[in-house]
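Notes for the structure review
What follows is each chain in one-letter form.
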Amino acid sequence: MPSPPKYPMNIRDLIPFSSLLIASLLFQGCGGKGTSELNQDGKNGDKTSVKPIFVSGIFQKSAAIQAHLDLETANESSFAKAIREKFPEQQKQFENLALDTQEVFTALGVKPEDFVEFAFVLGSLDFANEGFDELPEDVAFAVAFKVDGEVDINKVLDLAASEANEEGQAELQKVRDGKEEFEGASLYKIPVPDMGDGRHLFVAHKIFDGATYVLGGDESTIRGALTSGKAGKPSEGSGIQARLLKEKIGWLAIDLPEGLLDQFKEDAAENPFLKGVSNLLSQIQAIGLSGNITDVFPLQLRIGFSGETANESSTQAAAAVNGILGFVRLGALKNPDVFPPFFNSLTVTAEESDVVANVTFTLADVEFAQDKAEEALNPDLSDPSDAPAESE
């Protein structure tokens, strides 16, 4: 195991769930869905005796940042299967992980592809004008994910203890002793000095219908998600989330507080490519990103403007971006092999108050990326035309 840290227990001592999630995102489509043993004894996985739980249960009526990702659908898509067939060596995804991450996965008895759903919510960004150093206590926040299979919470705590020093282990024991059973979940109150004096992270662990759900965030949001027993709905906010792709396996929606981007106007004004649109930055109200995976991978970025001239702003922004793309496309005509296939599908348009960029990735893009990676590892073989001619 990695050597124990030499600092008292804080958020860095906890099991790096974020690392596990990131690993699962990176390797979706690279590994087939693994099998897992489902709970059949009815102890805490019987839907008739335990209130249901949903990853989306953390969503709030009002939110500045919200996101959802259906990793299971992505992994089972035709696009992901095509990648696995084309590049069978990618099935060895676990072996390619960093050693520390491998140890965590092994200790918990999970694989990257076992992470099947993810959600995130942050209630407000009003504090961001003053900096991101500390999250105010009154701002709701939560992250939730679902794992296919049953993960023993004691394994998680034991692993955390093995990486903590003596003081950290004592703090962890307090966390164990303070465990509360709430709505069929184990609820833990974890001190997090990084977030401010006296601040705590509430973490819920619940097994339902053969899957493991882990929720972490502020107390009100976590208890609310456990109590409702219903799937949550995204906040309407600016409406950017509703304007994203109708069919999507993942999305991110951000509503920006007024004035947040003003600080970037001067920098943009000094950039020759952004000078013409620098004044538009302060009018950006929302940013959305969504994607879907079938036999291809369409991705959409949407930027929403506010104010009486929102439609004019989006038109101006789209024209500026297309002007830049025009220069880039001239370069693509001269050196087409340098540009990935998806570049030909890239479009930028104005739709009422939104600037919308759409692009579609195909298997050819994966092959292009793979070839470029191999060229980077073997630069001498990247361009056969550069090789010296054989003497006769």
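From a predicted model like this one, the values you see are computed outputs, not experimental measurements.

**Here we look at the packing of helix α5 (residues 153-162) against helix α6 (residues 166-177)**
- The geometry of α5 relative to α6 is characterised by a closest axis approach of 9 Å and an angle of 160 degrees between their N-to-C directions. With respect to α6, the element α5 is oriented roughly antiparallel. The crossing of α5 and α6 is right-handed. Between α5 and α6, the contacting residues are Asn154, Leu157, Asp158, Ala160 and Ala161 on the first element and Gln169, Leu172 and Arg176 on the second.
- Its residues assigned to classes, the contact of α5 with α6 comprises 4 nonpolar, 2 polar and 2 charged.

**Describing a negative patch on the surface**
- Among the surface-exposed residues, Asp133, Glu134, Glu137, Asp138 and Asp197 lie close enough to one another that they form a single negatively charged patch.
- Among the structural elements, Glu134 can be located in the loop between β2 (115-122) and β3 (141-148).

**A look at the packing of aromatic side chains**
- A full pass over the atoms with the stated rule returns 6 aromatic pairs.
- Taking 4.8 Å as the distance between ring centres and 45 degrees as the angle between the ring planes, the aromatic pair formed by Phe342 and Phe361 counts as tilted. Here Phe361 lies in strand β12 (residues 354-361) and Phe342 lies in the loop between α9 (310-334) and β11 (347-351), a separation of 19 residues in the sequence.
- Of the residues examined, Phe342 reaches a relative accessible area of 25% and is grouped as partly exposed.
- Ring-pair connections join several aromatic residues into one group, and the members of that group are Phe79, Phe297, Phe342 and Phe361.
- Note that Arg223 overlies the ring of Phe182, its terminal NZ or CZ placed 4.8 Å from the centroid.
- The ring of Phe343 has Arg329 lying over it, and the distance from NZ or CZ to the ring centre is 5.3 Å.

**With respect to the side chain of His205**
- Relative to the elements of secondary structure, His205 occurs in strand β6 (residues 200-208).
- Of the polar contacts made by the side chain of His205, one reaches the backbone oxygen of Val151; its length is 2.7 Å.
- Apart from residues no more than four positions distant in its own chain, His205 is found in contact with Val151, Asp152, Ile153, Ala185, Ser186, Thr212, Tyr213 and Val214.

**Quick word on the sheet that holds β2**
- The antiparallel open sheet is built from 12 strands, whose spatial order is β4-β5-β6-β7-β3-β2-β1-β8-β9-β10-β12-β11. Of all the strands in the sheet, just β4 (180-182) and β11 have a single pairing partner and so form its edges. For this sheet, the mean angle separating the axes of adjacent strands, direction not counted, is 15 degrees.
- Bridge count for β6 against strand β7 (residues 211-217) is 7 bridges, and the pairing is antiparallel.

**Structural notes on the packing of helix α3 (residues 78-86) against helix α10 (residues 363-377)**
- Following both chains from N to C, one finds α3 and α10 inclined at 40 degrees, their axes separated by 10 Å at the closest point. One finds that α3 runs oblique with respect to α10. α10 is crossed by α3, and the crossing has right-handed handedness. In this structure, α3 uses Phe79, Ala82, Ile83 and Lys86 to contact α10, whose residues at the interface are Leu363, Val366 and Glu367.
- Class assignment of the residues belonging to the contact of α3 with α10 gives a composition of 5 nonpolar, no polar and 2 charged.

**Side note on α3**
- Looking only at α3, the buried set comprises Phe79, Ala80, Ile83 and Arg84. Summarising the axial view, the buried residues of α3 lie within an arc of 140 degrees, below the 170-degree limit, and thus occupy one face.
- If you follow the buried residues of α3, they end up packed against α2 (71-75), β10 (297-305), β12 and α10.

**Structural notes on the pattern of salt bridges**
- On inspection of all chains with the given rule, the structure shows 12 salt bridges.
- Linking Asp354 and Arg302 is a salt bridge whose minimum nitrogen-to-oxygen distance equals 2.9 Å. With Asp354 in strand β12 and Arg302 in strand β10, this pair connects stretches of sequence that are 52 residues apart.
- The class of Asp354 is buried, set by a relative accessible area of 1%.
- Via salt bridges that share partners, Arg243, Arg302, Glu351 and Asp354 belong to a single interconnected network.

**Observations regarding α6**
- Given a rise of 1.5 Å per residue, 12 residues ought to cover 16 Å, and the 17 Å separating the end C-alpha atoms of α6 matches this to within 8%.
- If you check which residues of α6 are buried, you get Gly168, Leu172 and Val175. One side of α6 carries all its buried residues, which in axial view fall inside an arc of 50 degrees. The exposed residues of α6 that point more than 90 degrees off its buried face are Glu166, Lys174 and Asp177.

**Topic: unusual backbone geometry**
- A positive phi is found at Asp209, a non-glycine position, where the angle reads about 55 degrees.
- Residue classification places Asp209 among the partly exposed positions, given a relative accessible area of 44%.
- In this model, Glu352 sits at a positive phi of 55 degrees, which is unusual for a non-glycine residue.
- Looking at the secondary structure, you find Glu352 in the loop between β11 and β12.

Parameters and conventions
- Residues numbered from 1 in each chain as written.
- Predicted model: local features only at pLDDT ≥ 70, side-chain atom pairs only at ≥ 80, totals over all residues.
- Heavy atoms only, no water.
- Axes fitted to C-alpha atoms, helices over the stretch in contact; angles between N-to-C directions.
- Helix = DSSP H or I, 4+ residues; strand = E, 2+ residues; numbered from the N terminus.
- Parallel < 35°, antiparallel > 145°, perpendicular 65-115°, else oblique.
- Left-handed = near helix turned anticlockwise from the far one by under 90°.
- Contact = heavy atoms within 4.5 Å.
- Nonpolar A, V, L, I, M, F, W, Y, C, P; charged D, E, K, R; others polar.
- Patch = residues over 30% accessible without salt bridge, like charges linked within 9 Å, V, L, I, M, F, W, Y side chains within 5 Å.
- Areas by Shrake-Rupley, 256 points an atom, 1.4 Å probe, with all protein chains shown as cover.
- Salt bridge = Lys/Arg side-chain N within 4 Å of Asp/Glu carboxyl O.
- Lys, Arg positive; Asp, Glu negative; His and termini not counted.
- Charge placed at Lys NZ, Arg CZ, Asp CG, Glu CD.
- Phe/Tyr/Trp six-rings, centres within 6.5 Å; stacked < 30°, edge-to-face > 60°.
- Buried < 20%, exposed > 50% of the residue type's maximum accessible area, 1.4 Å probe, protein only.
- Lys NZ or Arg CZ within 6 Å of the ring centre and 35° of its normal.
- Polar contact = N/O pair within 3.5 Å; in protein donor to acceptor, adjacent residues only side chain to side chain.
- Pairing = 2+ DSSP bridges.
- Arc of directions from axis to C-beta.
- Expected span 1.5 Å × (residues − 1).

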